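Per-entry structural report
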Amino acid sequence: MQYRTLGRTGVQVSSLVLGAMNFGKIGRTTQDEATAIVDAALEAGINLIDTADMYGDGESEELVGKAIAGRRDDIVLATKASMPMGEEPNHQGSSRRWLVTELDNSLRRLGVDHVDLYQIHRWDPTTGDEETLSALTDLQRAGKIRYFGSSTFPAYRIVQAQWAARDHHLSRYVTEQPSYSILQRGIESHVLPVTEQYGLGVLVWSPLASGWLSGAIREGREIATNRSAFMPRRFDTSIPSNRARLDAVERLAKVAEAAGLTMIQLALGFVTAHPAVTSAIIGPRTLDHLRSHLAAADTVLSADVLDAIDAIVAPGVDLAPDEKHDTPPALLDPSLRRRR
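Residues numbered from 1 in each chain as written. Predicted model: local features only at pLDDT ≥ 70, side-chain atom pairs only at ≥ 80, totals over all residues. Heavy atoms only, no water.

This brings us to the overall build of the protein chain. Of regular secondary structure, the protein chain possesses 12 helices and 10 strands. When the backbone C-alpha atoms are referred to their principal axes, the protein chain occupies close to 55 × 55 × 40 Å. If you sum the accessible surface of the protein chain, you get close to 14,900 Å²; carbon and sulfur atoms cover 50% of it. Charge centroids of the protein chain, computed over 36 positive and 43 negative side chains, lie 4 Å from each other. (Helix = DSSP H or I, 4+ residues; strand = E, 2+ residues; numbered from the N terminus. Areas by Shrake-Rupley, 256 points an atom, 1.4 Å probe, with all protein chains shown as cover. Lys, Arg positive; Asp, Glu negative; His and termini not counted. Charge placed at Lys NZ, Arg CZ, Asp CG, Glu CD.)

What follows is the structure, encoded as structure tokens:
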């Protein structure tokens, strides 16, 4: 396992991160299964576990908390907030009112007195940066969080938050957690240059592109992954963007085979090769899934392999642009780009 410094924090983290989104009802993973996955991940050298309050409506945090009991000090523990937790309109977002309350809820579910990294799960356009950063700074000073970061923020919002922290003499985001894979490379043109400029650690999610790069999806095979069962449109190959992904996967499979690599090794080796990326988040549902990911822990892709990937999916290109999660609101809502 490789270790890298998380931004400018001085904290050493593994190049693979155990993501716990599938713990609980989302991945139908029981407590015993979650504990076995955590045990195997820690034994393999993973030292960062990432979860969120909304994963299974808090169930993931509860399973993680029980799995790490008695060994908290050896783990860099990260969670997230801001996504809706129920129907109450104020049980979401990044206001001081909600973050102070929800952090206590997360700490209770995790069974700990602090988290190492507290992340704003999505940018909240209804809340000003000063409001959010001042609340996070106070929680940091209270010892409930060590650091805080953002997740899936547009590049310009990352910059705005850095400036707001400076202008108001507040602590700043030290990490960003964007979506990144061979098939979705858009952040190379905007987010990653910004994170490098400000020295942020980068923990990328969905490096296997929701399973497209797992090796299970190939031409002529029925797509029957866990994700395809509840997100069928994302895997409908009659849709042009999905057809483009499948065509790319077929070409990438030949690159992987020629290099003696699995598709998972190719996918994880690609994202962790970028100098702006600290670690890749993996989200196994089973021990077998975890083992297939761990096989990529020390994968280093040659320049020839990286060049071959660039020839299939060009740098900075998203093959499924409609699935971007950091698109500025004005690109999605016509009323926001039309003068009234």
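Glancing now at helix 9 (residues 263-273). The element helix 9 is extensively covered by neighbouring structure, given that 10 of its 11 residues are classed as buried. Within helix 9 the residues assigned to the buried category are M263, I264, Q265, L266, A267, L268, G269, F270, V271 and T272. (Buried < 20%, exposed > 50% of the residue type's maximum accessible area, 1.4 Å probe, protein only.)

Attention shifts here to the packing of aromatic side chains. Scanning the model with the defined rule gives four aromatic pairs in all. Relative to Y173, the ring of F148 lies with its centre 5.7 Å away and its plane at 85°, an arrangement referred to as edge-to-face. Linking F148 in strand 7 (residues 145-151) with Y173 in the loop between helix 5 (155-167) and strand 8 (175-177), this pair joins segments that are 25 residues apart in sequence. Exposure remark for Y173: the relative accessible area of 4% places this residue in the buried category. Aromatic pair F153 and Y173: ring centres 5.7 Å apart, planes at 80°, arrangement edge-to-face. Note that F153 is positioned in the loop between strand 7 and helix 5 and Y173 in the loop between helix 5 and strand 8, a separation of 20 residues in sequence. Classification of F153 by relative accessible area gives buried; the value is 3%. Members of the aromatic cluster, each reached through a chain of ring pairs, are F148, F153 and Y173. (Phe/Tyr/Trp six-rings, centres within 6.5 Å; stacked < 30°, edge-to-face > 60°.)

By the element assignment, S151 lies in strand 7. Given the relative accessible area of 1%, S151 is considered buried. Within polar-contact distance, the side chain of S151 engages the backbone oxygen of H121 at 3.4 Å. Polar side-chain contacts of S151 include one of 3.2 Å to the side chain of T152. Among all residues touching S151, those that are not within four sequence positions of it are K80, I120, H121, R122, W123, E176, Q177 and W205. (Polar contact = N/O pair within 3.5 Å; in protein donor to acceptor, adjacent residues only side chain to side chain. Contact = heavy atoms within 4.5 Å.)

To continue, consider the packing of helix 2 (residues 59-67) against helix 3 (residues 96-110). Interhelical geometry of helix 2 versus helix 3 gives an angle of 45° and a closest axis separation of 7 Å. Judged by the inter-axis angle, helix 2 sits oblique to helix 3. Only S106, R109 and L110 of helix 3 make contact with helix 2, whose side of the interface consists of E61, E62, V64 and G65. Considering only residue class, the contact of helix 2 with helix 3 consists of two nonpolar, two polar and three charged. (Axes fitted to C-alpha atoms, helices over the stretch in contact; angles between N-to-C directions. Parallel < 35°, antiparallel > 145°, perpendicular 65-115°, else oblique. Nonpolar A, V, L, I, M, F, W, Y, C, P; charged D, E, K, R; others polar.)

Right, let's talk about the sheet that holds strand 5 (residues 76-81) for a bit. In any sheet, the strands associate via hydrogen bonds between backbone groups, in a parallel or an antiparallel arrangement. Taken in spatial order, the eight strands of this closed barrel run 3-4-5-6-7-8-9-10, and their pairing is parallel. Strand after strand, the sheet turns through a mean of 30° between neighbouring axes, direction not considered. With two bridges connecting them, strand 8 and strand 9 (residues 201-204) associate as parallel partners. For E176, the partnering residue across the bridge sits in strand 9 and is V202. Across the face of the sheet, helix 3 comes into contact with strand 5, strand 6 (115-120) and strand 7 while running at roughly 135° to strand 6. (Pairing = 2+ DSSP bridges.)

The next point concerns the packing of helix 1 (residues 31-43) against helix 10 (residues 287-294). At a closest axis distance of 10 Å, the pairing of helix 1 and helix 10 adopts a crossing angle of 20°. With respect to their mutual orientation, helix 1 and helix 10 come out roughly parallel. Considering only the axes of helix 1 and helix 10, their crossing is right-handed. On helix 10, the residues touching A36, I37, A40 and A41 of helix 1 are L287, L290 and L294. Of the residues contributing to the contact of helix 1 with helix 10, the split by class is seven nonpolar, no polar and no charged. (Left-handed = near helix turned anticlockwise from the far one by under 90°.)

Counting 83 residues, the largest nonpolar core has F23, L77, V115, L183, L213, L252 and L266 as its most contacted members. Here L213 is in contact with S181, I182, L183, P207, L208, V249, L252, M263, I264 and A267, once residues within four sequence places are set aside. Within the second largest apolar cluster, 10 residues are counted, among which are V13, V17, L48 and L203. (Core = buried A, V, L, I, M, F, W, Y, C linked by side-chain atoms within 4.5 Å.)

Taken by themselves, the reported measurements are silent on function.
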